[in-house]
Amino acid sequence: MSELTPGLAYETKSYVCTHVFAGSRPVLYVTRPDGSWCALCGDNHPDDAAYYRVVGLGHVLDQDPTLSAVLDLQPDEEAERPDVGGPWTRSRC
Ligand SMILES: [Zn+2]
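Okay, so let's go over this structure. (Residues numbered from 1 in each chain as written. Predicted model: local features only at pLDDT ≥ 70, side-chain atom pairs only at ≥ 80, totals over all residues. Heavy atoms only, no water.)

### Some remarks on the pairing of strand β5 (residues 37-40)
- Side chains W37 and A39 project from β5 onto one buried face, and the interleaved C38 and L40 project onto a second face that is buried too.
- Bridge analysis of strand β3 (residues 13-17) against β5 gives 3 bridges, and the strand direction is parallel. By the bridge assignment for β5, V16 is matched with A39.
- Across 3 bridges, strand β4 (residues 29-31) lies against β5 in antiparallel orientation. Counterpart to V30 in the pairing with β5 is A39.
- In this structure, the hairpin formed by β4 and β5 is closed by a connection of 5 residues, where D34 is found at a positive phi of approximately 60°. (Buried < 20%, exposed > 50% of the residue type's maximum accessible area, 1.4 Å probe, protein only. Helix = DSSP H or I, 4+ residues; strand = E, 2+ residues; numbered from the N terminus. Pairing = 2+ DSSP bridges.)

As structure tokens, then:
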């Protein structure tokens, strides 16, 4: 099985919003509540499964390789950026 980084599998389950899933908006917000991976566009979304999709984390990276900069996020950490290529701001979530 291929890995993105040591110990982080390509097919690691991650949540994306429907915007990221459709490619209509870039990932500007990555958060790890309870250790899961969420790659979101940064807008507010209803807390409703209809607004999210489950994908392999590697597929998200394939769409935007710049996300590799935040693959070291730990559980309960998050990072956001103003635009693609902009600086990531990290915090606890
Ligand atoms: Zn979205």
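Read on, since the account is not over.
### Points about the coordination of the zinc ion
- Within the protein, C17 (SG), H19 (ND1), C41 (SG) and H45 (NE2) serve as the donor atoms for the zinc ion, at 2.0 to 2.3 Å.
- One can describe the site at the zinc ion as tetrahedral: its 4 donor atoms subtend angles covering 102 to 119° at the metal.
- Each donor residue of the zinc ion belongs to the same chain, with the gaps between them written as C-x1-H-x21-C-x3-H. Here C17 is found in strand β3, whereas its partner C41 is found in the loop between β5 and β6 (52-56), with 24 residues between them in sequence.
- Taking the relative accessible area as the measure of exposure, C17 reaches 0% and is therefore buried.
- Judged by its relative accessible area of 5%, C41 is buried. (Donors = N, O, S within 2.8 Å, 3.2 Å for Na, K, Ca; no water. Tetrahedral: all angles 85-135°; square planar, octahedral: opposite > 155°, others 65-115°.)

### Observations regarding the nonpolar core
- Counting 21 residues, the largest nonpolar core has V27, V30, W37, V60 and L67 as its most contacted members.
- Elements with a minimum of two residues in this core: β3, β5 and α2 (57-63).
- Those residues in contact with V60 that lie beyond four places of it in its chain are S14, V16, V27, A39, V55 and L67. (Core = buried A, V, L, I, M, F, W, Y, C linked by side-chain atoms within 4.5 Å. Contact = heavy atoms within 4.5 Å.)

### Points about the sheet that holds β4
- Taking strand neighbours across the sheet as the criterion, the 6 strands line up as β6-β3-β5-β4-β7-β8 in an open arrangement whose pairing is mixed. Sheet topology places β6 and β8 (89-92) at the edges, where each strand pairs with a single neighbour. When the angles between neighbouring strand axes are averaged without regard to direction, this sheet yields 20°. (Axes fitted to C-alpha atoms, helices over the stretch in contact; angles between N-to-C directions.)

### What about the pattern of salt bridges?
- Summed over the entire model, instances satisfying the criterion amount to 4 salt bridges.
- Between D43 and R25 there is a salt bridge whose closest N-O contact spans 2.5 Å. In this pair, D43 is assigned in the loop between β5 and β6 and R25 in the loop between α1 (18-22) and β4, connecting sequence segments 18 residues apart.
- What makes D43 partly exposed here is its relative accessible area of 42%. (Salt bridge = Lys/Arg side-chain N within 4 Å of Asp/Glu carboxyl O.)

### Regarding unusual backbone geometry
- Located in the positive-phi region is D34, a residue other than glycine, with phi close to 60°.
- Within the element layout of this structure, D34 appears in the loop between β4 and β5.
- Residues other than glycine seldom take positive phi values, yet D76 does so here, at roughly 70°.
- Its place among the elements puts D76 in the loop between α2 and β7 (77-80).
- We classify D76 as partly exposed; its relative accessible area is 28%.

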